[in-house]
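Listed below are the residues making up each chain.
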Amino acid sequence: MTVTTLLTPATSAEPDGLRAGLVARADERSYIRVLVVLDTTILIIALLIGYVARFGDDEPTGSEIPYVLVAPGLVLTWLISLKALGCYDDRVIGYGADEYRRVSSASLRLAGAIAIVGYIADVGVSRGFLGISFAVGTVGLEVARFAARKRLHRARSLGAGWSRKVLVVGDTAHVLELVHTLRREPYAGYQVVGACIPDALLAPVAQRLDDVPVVGSFRGIPEAATAIGADTVAVTASGELTAARLRRLGWQLEGTGVDLVVAPALTDVAGPRIHTRPVAGLPLIHVEAPEFRGARKLVKGLVDRSVSSLALAVLLPLIAFIALAIKLDSRGPVLFRQVRVGRGGQEFDVFKFRTMVVNADAMLAELTARNETDGLMFKMRHDPRVTRVGRLLRKWSLDELPQLVNVLLGQMSLVGPRPPLPSEVARYDGDVARRLLVKPGMTGLWQVSGRSDLSWEDGIRLDLYYVENWSLAADLTILWKTFGAVLNGRGAY
């Protein structure tokens, strides 16, 4: 923890904070307007596609329904449905899966309602036109939201774009922990602009926790939020912030436009495992245990083997071409076999295309001092042991294609933690050893989050998060993101 003093008083930041808050709210409204325009465009295109696909160039026959009036009414009703289900709520858009779920739910509910009303009222609108329009429109809305979100995430990662301005409240240790957690994923859109700590920790002059300004104590949280232009107060753990004081804080923030969120000490647990149940007036958080066996695990294994066998058949020509290129580029075997540790500590031989010279292991001792990563792994951006063909294979992750055989044999999974070396496992502590509760994967959160650019600590954190929170839906998301990570080439060396 680093605490430094400021030369200027906290109150001098008030005009700048208010201006920053106004700018943030303007950016938020601008992003929502873009979403509305984007959604409207997608819906118009979907209805045109539905009309052309159903009727072609001909006028609808046997119907008195004026489609020139039906289409605008349907677009307006669809937009109202999106609004009613909170698809433009600033607490939902920009991060998490809830935005996508609400968009799909709004579209499907409207389609169901129109089908029921049309059947009861015997309205002669073409079912083919409606079915095609809703199918195209729903998919188009999801794709458009995804594209808008990716652009917003890039802007946020660069320090621009609309983000929520957060005032963190709690004791110093928990404030710093929450700040570091939020800054680890800037694309989530929570920008910490200040902190409030207990009275006992305040100094006569203004302070900073790392580079976060301390703008007040627990006695003036609403005033501090207004002064720095915060639109969210995030409360973390503190012995002095009792339930009664937290309840009063909620009352004080009513009508101010400032949201109150509570960050529990429980971290790195995915939403599906968390259930909030009110008991005796207390919102108790129930956390389900991770699932390491059962029907879902069986399905995951079947999917792994089915996809790997299909991928091997489809990629056979590419695999043969790579093998020939390796053979022509340098002497030595085409495949590289290395002992890795799988689920339950079982060792197995992992297969990879050889990307280094044959005596690479003997050269490692000479290069140890040039290691560019921390922890137990050795990584070097310009490793002299890598061959010419090997650099291309590593850049596009093609050297890992033979691991499809390991997946087919049941030793690995398509998605999972990085397969560790026995020398790494020998130095694991109790927490890190939890990586061995599931099969290692060809790809995983580490692959789509930076690969070799990640620190050892971040890689372990992502692996443990996957172990605790894996799901088939998350696996599909990671597989989808893997294609982008491979094409981007970030962290591949």
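Residues numbered from 1 in each chain as written. Predicted model: local features only at pLDDT ≥ 70, side-chain atom pairs only at ≥ 80, totals over all residues. Heavy atoms only, no water.

### What about helix α15 (residues 456-469)?
In this model α15 runs 20 Å from its N-terminal to its C-terminal C-alpha over 14 residues, within 8% of the 20 Å that 1.5 Å per residue would give. Listed as buried for α15 are W456, G459, I460, R461, L462, D463, Y466, V467, E468 and N469. (Helix = DSSP H or I, 4+ residues; strand = E, 2+ residues; numbered from the N terminus. Expected span 1.5 Å × (residues − 1). Buried < 20%, exposed > 50% of the residue type's maximum accessible area, 1.4 Å probe, protein only.)

### Focus on the nonpolar core
Ranked by size, the top nonpolar core spans 28 residues in total, and within it Y31, W78, L82, F129 and L141 carry the most contacts. Mapped by element, the contributors of at least two residues to this core are α1 (14-55), α2 (67-84), α3 (98-121) and α4 (127-157). Aside from chain neighbours lying at most four places away, what touches F129 is L47, G50, Y51, R54, F55, Y67 and V70. By size, the runner-up hydrophobic cluster in this structure holds 24 residues, among which are F353, V407, V415 and L462. (Core = buried A, V, L, I, M, F, W, Y, C linked by side-chain atoms within 4.5 Å. Contact = heavy atoms within 4.5 Å.)

### Remarks on the packing of α2 against α4
Interaxial distance between α2 and α4 falls to 13 Å at its minimum, and their mutual angle equals 40°. In this view, α2 runs oblique relative to α4, as classed from their interaxial angle. Classified by chirality, the crossing of α4 by α2 is right-handed. Between α2 and α4, the residues in contact are Y67, V70, L74, W78 and L82 and F129, L130, S133, F134, G137, T138 and L141, respectively. Grouping the constituent residues of the contact of α2 with α4 by class yields nine nonpolar, three polar and no charged. (Axes fitted to C-alpha atoms, helices over the stretch in contact; angles between N-to-C directions. Parallel < 35°, antiparallel > 145°, perpendicular 65-115°, else oblique. Left-handed = near helix turned anticlockwise from the far one by under 90°. Nonpolar A, V, L, I, M, F, W, Y, C, P; charged D, E, K, R; others polar.)

### Structural notes on empty space enclosed by the protein
For the structure on display, the rule yields one cavity of 30 Å³ or more. Considered as a void within the structure, the largest cavity measures approximately 40 Å³ in volume. Around the largest cavity, the lining residues are V341, G342, R343, P417, R418, P420, R435, L436, V438, K439 and P440. Considered class by class, the residues forming the lining of the largest cavity number six nonpolar, one polar and four charged. (1 Å grid on protein atoms, 1.4 Å probe; cavity = no way out; pocket = protein on both sides within 12 Å on 5 of 7 lines; lining within 4 Å. Points joined across faces, edges and corners; volume = space filled by probe spheres on them.)

### What to know about the packing of aromatic side chains
Under the criterion given, the structure shown has three aromatic pairs. Considering the side-chain rings of W78 and F134, the 4.5 Å spacing of their centres and the 35° angle between planes classify their relative orientation as tilted. Separated by 56 residues along the polypeptide, W78 in helix α2 and F134 in helix α4 bring together distant segments of the chain. We note that W78, like F134, is buried. Taking NZ or CZ as reference, R296 lies 4.5 Å from the ring centre of W470, over its face. (Phe/Tyr/Trp six-rings, centres within 6.5 Å; stacked < 30°, edge-to-face > 60°. Lys NZ or Arg CZ within 6 Å of the ring centre and 35° of its normal.)

### A word on the pattern of salt bridges
Going through the model one piece at a time under the given rule, you end up with 17 salt bridges. A salt bridge links R164 to D90; its shortest N-O distance comes to 3.6 Å. In this pair, R164 is assigned in strand β2 (residues 164-169) and D90 in the loop between α2 and α3, connecting sequence segments 74 residues apart. Its salt-bridge partner being D349, residue R337 comes within 2.9 Å of it at the nearest N-O pair. Here R337, found in strand β10 (residues 335-341), pairs with D349, found in strand β11 (residues 347-353); they are twelve residues apart in sequence, far enough to count as distant. Its relative accessible area of 27% is what places D349 among the partly exposed residues. Through salt bridges that share partners, D39, E99, R145 and R149 make up one connected network. (Salt bridge = Lys/Arg side-chain N within 4 Å of Asp/Glu carboxyl O.)

### Topic: unusual backbone geometry
Phi is positive for D210, which is not a glycine, with a value near 55°. Relative to the helices and strands, D210 is located in the loop between β4 (207-209) and β5 (212-216). In this model, S397 sits at a positive phi of 60°, which is unusual for a non-glycine residue.

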